[in-house]
Amino acid sequence: MLTSYLKIAWRNLRKQKVFATVNILGMSTALCVALLLSLTAYREWTYDNFHENGNQIYQLMTEEHGSFHTKKGTSMVEPLAATLKKEVPGVVRTTRIGEVNMPVRYGANHYYLEAQMVDADFLQMFTFPLVAGNKQDALQQLNQVIITQKTAASLFKQEEPVGKTIEVNLGGKWQPLIVSAVAANVPDNSGLQFDLLTRFENAPDYVEIKGKWDAASYPLFVQLDPAVTGALFERSVIPIVHKYYVEKLTDIKKDEGTLVIKTIGLKDTHLNPDSSYYSGLNQFYPWLMVILATMIIGIACINFINLSIARAFGRSSEIGLRKSLGAMDSQLMIQFWSEAFLLCFFSFLLSIVFTVLVLPYYNRVFGHDVALSLFHNPWLLLGALTAFLTITLLAGGYPAWKVARLNIVQVLKGKLGLSKSSTMRNGLIVVQFVVAIVLISCTTIIWQQLNFIQSASLGYNAIQVISIPIDNAPSNALAAMRNSLAQLPEVQSVTGSMLNLGLGKDGSSGNWTRGFDYKGRPVSTQNIIVDYDYAKTLDLKIVAGRDFSRNYGTDSTAVVINELMAKQLGEKDPIGVELMMNDKVPLHVIGVVKDYHFESLRKKIDPLVMTMKDASSLGYIFIKVQTNNPVNALKKIQQTWRRINPLAEHDASFLDENTQRMYRHEQRFSKIFMSGALLAIIISCMGLFAIAVLVMAHRQKEIGVRKVLGASVSGIVLLLSKDFLRLVLVAVVIASPVAWYFMHRWLQGFEFRVNIHWWVFVIAGVLAICIAFVTISLQSIKAALANPVNSLNRE
Amino acid sequence: MIQLQKISKHYPVGFGKNDILKDIDLTINEGEFVSIMGPSGSGKSTLLHIMGLLEEPSEGQYLFEGERVDKMNEKKRTQLHRGSIGFVFQAYHLIDELTVYENIETPLLYKNIPSSERKSRVADVLDRFNMVAKKDLFPSQLSGGQQQLVGIARAIIGEPRVILADEPTGNLHSDQAKIIMQLFKHLNEQDKITIIQVTHSDVNATYGNRVIQIRDGHIQP
């Protein structure tokens, strides 16, 4: 019986090529896209969930609430780890984790390796299995190091790694470390990545932070007893804060503030913006992918349903006949469902081929790292199969049910045909176009916003300034750079800064917020440490006073502030005002610069204080160049830097590149949206085309009669297109407010944003109508031009 | 075998109703070859559909082999379609996507007959109708008369007790019609199959042993 069904299905497919093509192509593309998107979402959601103790491991963070500010941080003080383990019940293990890019030397070869400096508990807490050595004593000694298999291969080639001595550069000195174990390579869905592990005590600034309760330094993870929840821990840690953070609490209490320690579950670190292992990915982003995937699958399913129903009416005599031969409704349903299944199955196979082909391109363009090997997970495979069966059931089941219930006599008499308009079909077409139009208008608005951000005036010169991450270079590197660059004619000025502007090639960013009392009231400001010529290099406009200058010996206690800070101080003439920022030395204001966007346009500009300190606090070198050949200048400067700092790890980049990089998630997001919109439109149109073919075929006689009665070609085209265009128009009306709402919400994430203009929706609507009209015209013009004799004679 | 008692059929039209059949009393015995005749729109096709359980009467009772049809559930009716009633249509209604062989085989599939028996029964029928050479052709490759032969072959493969034929020769020219009618006569006489046909043709009616004239929903005496 089933073979007979499949035989019919197969012959039907071959006979009706348009429908088979539309269905299979549409469905397989949609399945492919859905597969890619859900794999991406799945990957983001399953970050860090390979750790066996994952549910009991938490990252700690501090939350400081003041009357004017809330400050969150994951840098914890050094003695906290040991104290928690000793004094808080339920804390089983703790580890501090310091990440450094460590210069490593073995034989004559130099390497830069990503090192995590951890406590001995680390290996017991996290699931990073060792392939050689054992967990108990691999990190017992300070001079022990664990390397990954990959590192072992590149350092030692074929040699046995355990017991070998390598040299690492700790705080400027080369020290020998002994390889105690080899760890399996770190899975790529791990937030913690490392090439080597060594003891936390090896951190370059360990001596400075040791035992200090006021110097927050590195992230801290705790493993709790299975019976203790994160919330419970947060309560039991309160006394510890009161007991040890005495100095800090006194400060905070001046501002009527509070300080609490909170937890972030290990598995949440990937998507939690507060965590130091935050990927930068909006939490909503994976959901958005699933929603997009569902929408595209939905559109393809709608095509499927509409076409199956339309086609089934064409086969009404077969259905009636089968009933008279003794087929039960259920048997007919199974027959039609099996046809749907066959189509879906082909689509599924094809979609897997597509996916394999598209995957490398997808990963490259959208910056994802998805692999089909994720399907080694049986649950995921099962989930995909279930989803697939549900789709065939939805897409094939409804038409089958509908067809099987047709009235047999009418069917046999051939009275039942494809009606000119069916509510169900029209509704589904409207849904398709609503989705397509929502996607088009969202894409337009996202694109406008990105464009706005990229062309917005930031208040500083981003085009001519090159930024170099200093990394681990010695502290005299800046001075050496100044000297070398003085010989280059295109270099106009050089300065240094603690923080980069935008996001450099090192991918790191940060801020430093400070609060202090000014004339008895608390003020809060961001603080950056800069070097001479900062305002000059960045073309910051000095509104009052002057920039730091070598001509004044007292500038080490001077600060330059921005306008907002001046406003916060409430002084008419802020020059000369003294600020007690750290209770020790008063700093006096020497200049005010015009506000500039030192952070992303997502945020308002904050009050800012620029201070000068020794060169070791600087993280970036900024160089202003005046040249017609910026690429060449960048190359020259890069070479100079390599000479001064041979171990330089990250390349120089222009600041405008950096500011663009800050919005890479949005760019990625808009690319995905744009592709989704395009696909949705294409699949919808394919469906519309096929339905148009069917309807035209059905109305052939009517068209013939009309032509004989004198209708013009254009009149007929209009008549045939009118019904469809009306549907698209309805879709425009429904889609516009939906798109407006979503985009309004999205734009809330930006402090500086475009307005949503009404014409965006008009354009999206007109576009959709045009595309639909062209699609239908392909068929309606053909129908209108046909010789009426042919269609009339056939009856 | 077939007993119709006070059968009426009407459709709602606007606020009134359109009567197709009125108070039909008819009994057809096993082994009869009955021709139903009448002008267009007289209700003869509706009568045939009611006898074939494709339509339900608005009023009256229908007994098939002494059993009340209106008391039957869908399953039981389907059993009758599978086992007792065979249909032959004016438009043949063959399934275009299936070959001659597969078209004839289809009713047996619905009866869940094992594959080997299906094969031998289809082979028998093909042999009997001299269509063995055509068994792998599709309906579109056959002439109208040949298609109707396949239609009849399909109707009798399930070994029905009665064949209901709705203008079986309506689309055929006279030579082909003659062959078809002789086949029906043969089936009636040799295989003892009750045959009820609707026809316009007086010639075709002569093949049967009883003619029922129907006019405006009434049986003419």
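Predicted model only: the values in this text are computed from it and were never measured.

A. Inspection of the overall build of chain B at higher detail. The number of helices and strands found in chain B is seven helices and 10 strands. Taking 221 residues into account, the globule formula puts the C-alpha radius of gyration at 17 Å, and chain B, at 18 Å, falls close to it. Principal-axis analysis of the C-alpha atoms places the extent of chain B at approximately 55 × 40 × 35 Å. When the 221 residues of chain B are sorted by exposure, 54% land in the buried category. Within chain B, contacts between residues at least 6 apart in sequence are counted, and of these 73% link residues at least 24 apart. Accessible surface, chain B as shown: approximately 9,900 Å² in total, 47% of it carbon and sulfur. The distance from the centre of the 25 positive side-chain charges to the centre of the 28 negative ones in chain B is 3 Å.

B. Just unusual backbone geometry, in detail. Residue and element names in this part refer to chain B. We note that Lys-6 has phi near 50°; this positive angle belongs to a residue other than glycine. Mapped onto the secondary structure, Lys-6 falls in strand E1 (residues 2–13). Residue classification places Lys-6 among the exposed residues on the basis of a relative accessible area of 52%. At Glu-167, a residue that is not glycine, the phi angle is positive and equals roughly 45°. Relative to the assigned elements, Glu-167 resides in the loop between strand E7 (162–166) and helix H6 (174–190). Among the residues examined, Glu-167 registers a relative accessible area of 14% and is labelled buried.

C. Inspection of the nonpolar core at higher detail. Tyr-534, Tyr-596, Met-610, Ile-623 and Ile-637 of chain A are the most contacted members of the largest nonpolar core, which has 155 residues in total. No other element matches helix H21 (residues 664–698) of chain A, which puts 17 residues into this core. Residues within four places of Tyr-596 of chain A in sequence aside, it is in contact with Leu-458, Gly-459, Tyr-460, Leu-501, Ile-528, Tyr-534, Leu-540, Ile-605, Leu-608 and Met-610 of chain A. Within the second largest apolar cluster, 36 residues are counted, among which are Leu-325 of chain A together with Phe-64, Met-72 and Phe-89 of chain B.

D. Representation of the interface of chain B and chain A within the structure. Taken together, the 23 residues of chain B in the interface contact 25 residues of chain A. Of the roughly 2,300 Å² buried where chain B meets chain A, counting both sides, 62% is carbon and sulfur surface. Ranking the residues of chain B by area buried against chain A places His-93, Glu-97 and Tyr-110 of chain B at the top, with a combined share of 31%. The interface formed by chain B and chain A holds two salt bridges in total. The tally of links from chain B across to chain A stands at five residue pairs in polar contact (both at pLDDT 80 or more).

E. Geometry of the packing of aromatic side chains. Counted under the stated rule, the structure contains 25 aromatic pairs over all chains. Judged by centre distance (6.3 Å) and plane angle (35°), the rings of Phe-126 of chain A and Phe-128 of chain A are tilted. With a relative accessible area of 2%, Phe-128 of chain A lands in the buried category. Aromatic side chains Tyr-62 of chain B and Phe-64 of chain B sit 6.5 Å apart centroid to centroid with 85° between the ring planes, which places their arrangement in the edge-to-face category. Look at Tyr-62 of chain B and you get buried, because its relative accessible area is 3%. Phe-64 of chain B gets classed as buried once you look at its relative accessible area, which sits at 2%. The structure contains a cluster of three or more aromatic residues connected by ring pairs, namely Phe-50, Phe-122, Phe-126, Phe-128, Phe-194, Phe-221 and Tyr-277 of chain A. The side chain of Arg-105 of chain A reaches across the aromatic face of Trp-174 of chain A, ending 4.2 Å from its centre.

F. Summary view of a negative patch on the surface. Residue and element names in this part refer to chain B. A cluster of acidic residues, Asp-19, Asp-23, Asp-25 and Glu-59, forms a negative patch on the protein surface. Tallying contributions element by element places strand E2 (residues 16–28) first for the negative patch, with three residues. Of note, Asp-23 is situated in strand E2.

G. Molecular detail of the UniProt feature "domain: ABC transporter" (unreviewed entry) in chain B. Summarizing the sequence annotation, UniProt attributes the feature "domain: ABC transporter" (unreviewed entry) to residues 2–221 of chain B in the numbering used throughout. Secondary structure across residues 2–221 of chain B comprises 35% helix and 27% strand; the distance between its end C-alpha atoms is 19 Å.

H. The arrangement of the environment of His-93 of chain B in detail. Within the element layout of this structure, His-93 of chain B appears in the loop between strand E6 (85–88) and helix H3 (100–110). With a relative accessible area of 12%, His-93 of chain B lands in the buried category.

I. Main features of the environment of Ser-84 of chain B. Residue and element names in this part refer to chain B. The residue Ser-84 is located in the loop between helix H2 (74–83) and E6 in this model. Here Ser-84 falls in the buried class, since its relative accessible area comes to 11%. Here the alpha-carbon distance between Ser-84 and Val-162, two residues 78 residues apart in the chain, equals 6.3 Å.

J. Region of interest: the confidence of the model for chain A. Residues with a pLDDT of 70 or more make up 94% of chain A, whose mean pLDDT is 83. Mean pLDDT per element in chain A: helix H14 (residues 408–413) of chain A is the minimum at 65, and strand E12 (residues 220–224) of chain A is the maximum at 93.

K. View of the UniProt feature "domain: ABC3 transporter permease C-terminal" (unreviewed entry) in chain A. Here the UniProt-annotated "domain: ABC3 transporter permease C-terminal" (unreviewed entry) positions come out as residues 291–408 and 676–785 of chain A. Within the segment residues 676–785 of chain A, helix and strand shares are 86% and 0% respectively, and the terminal C-alpha atoms sit 36 Å apart.

L. Broad picture of the sheet that holds strand E8 (residues 194–198) of chain B. Residue and element names in this part refer to chain B. Pairing within the open sheet is mixed, and its six strands lie in the order E6-E7-E8-E3-E9-E10. What marks the edges here is a single partner per strand, and that holds for E6 and strand E10 (218–219). Alignment of strand E9 (residues 210–215) against E10, held across two bridges, turns out to be antiparallel. Considered in E10, the bridge of Ile-214 is made with Ile-219. Strand contacts of helix H1 (residues 44–51): strand E3 (33–37), E6, E7, E8 and E9, with the helix running at about 155° to E7, the strand carrying the most contacts.

Conventions and cut-offs
- Residues numbered from 1 in each chain as written.
- Chains lettered and ligands numbered in written order.
- Predicted model: local features only at pLDDT ≥ 70, side-chain atom pairs only at ≥ 80, totals over all residues.
- Heavy atoms only, no water.
- Helix = DSSP H or I, 4+ residues; strand = E, 2+ residues; numbered from the N terminus.
- Rg over C-alpha atoms; globule rule 2.2 N^0.38 Å.
- Buried < 20%, exposed > 50% of the residue type's maximum accessible area, 1.4 Å probe, protein only.
- Contact = heavy atoms within 4.5 Å.
- Areas by Shrake-Rupley, 256 points an atom, 1.4 Å probe, with all protein chains shown as cover.
- Lys, Arg positive; Asp, Glu negative; His and termini not counted.
- Charge placed at Lys NZ, Arg CZ, Asp CG, Glu CD.
- Core = buried A, V, L, I, M, F, W, Y, C linked by side-chain atoms within 4.5 Å.
- Buried area = accessible area lost by both parts, 1.4 Å probe.
- Salt bridge = Lys/Arg side-chain N within 4 Å of Asp/Glu carboxyl O.
- Polar contact = N/O pair within 3.5 Å; in protein donor to acceptor, adjacent residues only side chain to side chain.
- Phe/Tyr/Trp six-rings, centres within 6.5 Å; stacked < 30°, edge-to-face > 60°.
- Lys NZ or Arg CZ within 6 Å of the ring centre and 35° of its normal.
- Patch = residues over 30% accessible without salt bridge, like charges linked within 9 Å, V, L, I, M, F, W, Y side chains within 5 Å.
- UniProt positions renumbered as here; feature names shortened; annotations may be inferred.
- pLDDT = per-residue confidence, 0-100.
- Pairing = 2+ DSSP bridges.
- Axes fitted to C-alpha atoms, helices over the stretch in contact; angles between N-to-C directions.

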